[in-house]
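# Working through the structure, step by step
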Amino acid sequence: MTNNRLVLVFAVAIVAVLVAVPLFGSIYVVFLANMLLMYAVLAVGLDILLGRAGQFAFAHTAFFGIGVYTTALINNHTGLPFVLTIPAGAAVAALVGVIIALPATRLRHLYLGLATFAFAEVAHWVFNNWESVTGGANGLRFQPQNTGFGTITNDLQAYPFVVVIAAFMIWITRNLERSQLGRRMEAIKESEAAAHASGISVTRTKAVAFTISAAYAGVAGGMYTLFQSYVHPDVLGFDTLVLILSMIVIGGLGTLPGVLIGVVLLGLMPEAMRGLKVMQELLYGVILIAFLMFMPRGVWGFFGPLIFSRSERKPAEDKP
Amino acid sequence: MWTLFIFQGLAGGLVTGSIYALIALSLVLVYKSTHVINFAGGEFVMIAAYLALFLLVAGGLTYWIAVPLCAAATFLLGAVFERVVLTRIQGRQRPGQNVLVAMVIATVGLTYVLKGIIRPFPYADEVRTLPPMLESGPIFIGNVVITRQDIAIFSIAVLSMVALFVFFQFTPLGRALRATADNPRAAALVGIPVRRMRSFVWGLAGALSAIAGILIAPKVLMTPDMGGLIILAFAAAIIGGFTNIPGVIVGGFLLGIVENIVGLTISTNAISVTPFVVIIAVLLFRPQGLFGGRAETKKV
């Protein structure tokens, strides 16, 4: 089979699953699908920064939280339809992203990783302690999102909107990959000095990547408010960050299909381990380490080249 | 009143700070020789503390026997993790790819494994502390109160650091380790077994964490999640620029003191956010650490 046909087969399969979920799945399956689609936007957004621009940025849950709280609070206070509140949440997240990006572009590698991680933890502390706004450790309840024609009261009603938003964000990512900006980020990942020498503004490209990534997290935060009615700061903590990072690294850093595979794999893992209770934590760690040991370039890096014929891969990858 | 507050904070800060410095040292050793940030550093501390609890309470052993046993166990844990997991990930690296993220996440994976191992054990179901090391009567210096145990903790931590310094400065093995960290290729050329050195450093870091764990366990509440204190060590390491060892030690003490004074003057709620604020502040204004002379350029 040629590669184009293979892609078509996969696309049809994905659409079939997306259609089958609300038709045949229980309400819990629909909820899971909503979660996975939200994680897809989160992971793809973080991958722009981590996998494509090569920046160790671990502040994603902070922007996610900002998206959730902004969208939810605007909704609570004004009742505006979500086509307005979700972009608002994304905009606020992106704005904070810009503010963080300005100092962050001065840092590299480990230092950037620790600085952004620290920022995420400070944000988490603020979510937990700014009681008048976020409800603190009691969490925040928000009213059902308004579609403009009515309200979304359950997962099934939210599902089509969640699908459309996720598809839209993935489509944008696909275009971003092929854009000039995408190539500039790729160049920075390979070598900042070489990118600089060929006339790329390294600082600006990094700042833009930061902002875009934050906006994705903001959108994911908005998606969360579509099918949930309550947020607790624990959802926005270190464990979620590790989950998103694992999705990216286990799926395949810097590859769109890989990241999406990682989202499905790790998103469904807790379901598969449901009966194991106390062993879950241990097993999660073991699986994480095992994947990294045996497929350090991710599931996609491992299986992708086997499925798709060699001719369309970059020559550099042909040599083992 | 205020001066008493400050002095009490200083004294308490020096004690906890000495432990933070020890943990931060274990991070820096690992970072200098393998360039990996060890997110599982806190879980090494945790597992050593639980092992000590088990040996002391269930096994009825004394500290003199329990401490070396725990250190040996975590030495093994660190060395094996490096040899089995990290070496393997690094070995699969291809040119133009960076597996550092994968290695760091592997250490995060290790945190889940270690927590998962400890959680089902009978001692982990409720909050515990280690039995006191010494019959502690408090000592007064002026108006400042210090327990004998605190003095013991401080002394053991400082002694460990001195021992480490002597080891790295004056023993052949210590020098080989330093050479490996400075320039692995040159070290290999003069016949140092670089791979074994890397495993050894991870082991050493594990053993240091064990000492830190046993020192801190009588002072904090033990839970399987106590490894979160690693963030204090991160902050201490950042203060030292992650590579400057005296700077890291000073960072540990500084952090202990700052934390204590924040707790006494602002609020106990603000303690948990202090290390993160310190990390951000240092990285923004002096990314090379408080004591690094200039920004370090990396040789290829």
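Starting from 1, residues in each chain are numbered consecutively following that chain's sequence as written. Ligands are numbered from 1 and chains lettered from A, in the order in which they are written. In view of the model being predicted, local features appear only for residues whose pLDDT reaches at least 70, and side-chain atom pairs are presented and counted only at 80 or more, with totals across whole chains, interfaces and linings using the full set of residues.

## Some remarks on the overall build of chain B
To be explicit about the condition: Going along the chain from the N terminus, every DSSP run of H or I of four or more residues is numbered as a helix, and every run of E of two or more is numbered as a strand. Using C-alpha atoms as the atom set, the radius of gyration is obtained and then compared with a globule rule of 2.2 Å times the number of residues to the power 0.38. Partly exposed residues are those whose C-beta has more than 12 but fewer than 20 other C-beta atoms within 10 Å; with 20 or more the residue is buried, with 12 or fewer it is exposed, and the C-beta atoms are placed from the backbone. With C-beta atoms placed from the backbone, a contact is any residue pair whose C-beta atoms sit within 7 Å.
Scanning chain B from terminus to terminus reveals eleven helices and two strands. Secondary structure elements in chain B, listed N-terminal to C-terminal, are α-α-α-α-β-β-α-α-α-α-α-α-α. Since a compact globule built from 300 residues should have a radius of gyration of about 19 Å, the 19 Å found for chain B is in line with a globular shape. Dimensions of chain B, computed from C-alpha atoms along their principal axes, come out at roughly 60 × 45 × 35 Å. Expressed as a percentage of its 300 residues, the buried residues of chain B come to 48%. In chain B, of all internal contacts separated by at least 6 residues, the share reaching a separation of at least 24 is 74%.

## A short note on the environment of Phe165 of chain B
The residue Phe165 of chain B is located in helix H5 (residues 148-170) in this model. Here the alpha-carbon distance between Phe165 of chain B and Ile245 of chain B, two residues 80 residues apart in the chain, equals 9.6 Å.

## Observations regarding helix H2 (residues 41-58) of chain B
Applicable threshold: Multiplying 1.5 Å by the residue count of a helix minus one yields the expected span of that helix.
Compared with an ideal rise of 1.5 Å per residue, which puts 18 residues at 26 Å, H2 of chain B spans 25 Å between its outermost C-alpha atoms and is within 8% of the ideal. H2 of chain B sits mainly inside the fold: 15 of its 18 residues count as buried.

## A look at unusual backbone geometry
The backbone of His35 of chain B shows a phi angle near 60 degrees, a positive value even though the residue is not glycine. Here His35 of chain B lies in the loop between helix H1 (2-34) and H2.

## Looking at the packing of helix H5 (residues 109-129) of chain A against helix H11 (residues 274-285) of chain B
The angle between the axes and the distance between the axes are what describe a pair of packed helices. Counted only if it meets this: Only the contacting stretch of a helix is used when fitting its axis, a line to C-alpha atoms as for every element, and angles between N-to-C directions run 0 to 180 degrees. We call two directions roughly parallel when the angle between them is under 35 degrees, roughly antiparallel when it is over 145, roughly perpendicular when it lies between 65 and 115, and oblique otherwise. When the near helix sits turned anticlockwise from the far one by under a right angle, the crossing is termed left-handed; a clockwise turn instead gives a right-handed crossing. Residues are grouped as follows: Ala, Val, Leu, Ile, Met, Phe, Trp, Tyr, Cys and Pro are nonpolar; Asp, Glu, Lys and Arg are charged; all remaining types, including Gly, are polar.
Their axes nearest at 9 Å, the elements H5 of chain A and H11 of chain B cross at an angle of 140 degrees. Relative to H11 of chain B, the element H5 of chain A lies oblique. Considering only the axes of H5 of chain A and H11 of chain B, their crossing is left-handed. For the pair H5 of chain A and H11 of chain B, contact is made by Tyr111, Leu114, Ala115, Ala118, Phe119, Glu121 and Val122 of chain A and by Phe276, Val277, Ile279, Ile280 and Leu283 of chain B, respectively. Broken down by class, the residue content of the contact of H5 of chain A with H11 of chain B amounts to eleven nonpolar, no polar and one charged.

## Focus: the interface of chain A and chain B
Listed by partner, the interface residues are 32 residues for chain A and 35 residues for chain B. Going through the elements one at a time, H5, helix H11 (238-251) and helix H13 (280-294) of chain A are the ones with two or more residues in the side of chain A that touches chain B. Residue classes in the side of chain A that touches chain B are distributed as 26 nonpolar, three polar and three charged.

## Re the nonpolar core
The line we're drawing: Think of a nonpolar core as buried Ala, Val, Leu, Ile, Met, Phe, Trp, Tyr and Cys residues chained together by C-beta atoms that fall within 7 Å.
Residues Ala52 and Ile279 of chain B are the most contacted members of the largest nonpolar core, which totals 196 residues. Element by element, the count of residues in this core is highest for helix H2 (residues 27-52) of chain A, at 15 residues. Excluding anything up to four places from it in sequence, Ala52 of chain B contacts Ala66, Cys70, Leu130, Ile214 and Ala217 of chain B.

## Considering the environment of Tyr224 of chain A
Residues and elements named next belong to chain A. One can find Tyr224 in helix H10 (residues 202-227). We classify Tyr224 as buried; it has 25 C-beta atoms within 10 Å. Between the C-alpha atom of Tyr224 and that of Ile86, which follows or precedes it by 138 residues, the distance is 9.9 Å. Not counting the four nearest positions on each side in its chain, Tyr224 is found in contact with Met38 and Val68.

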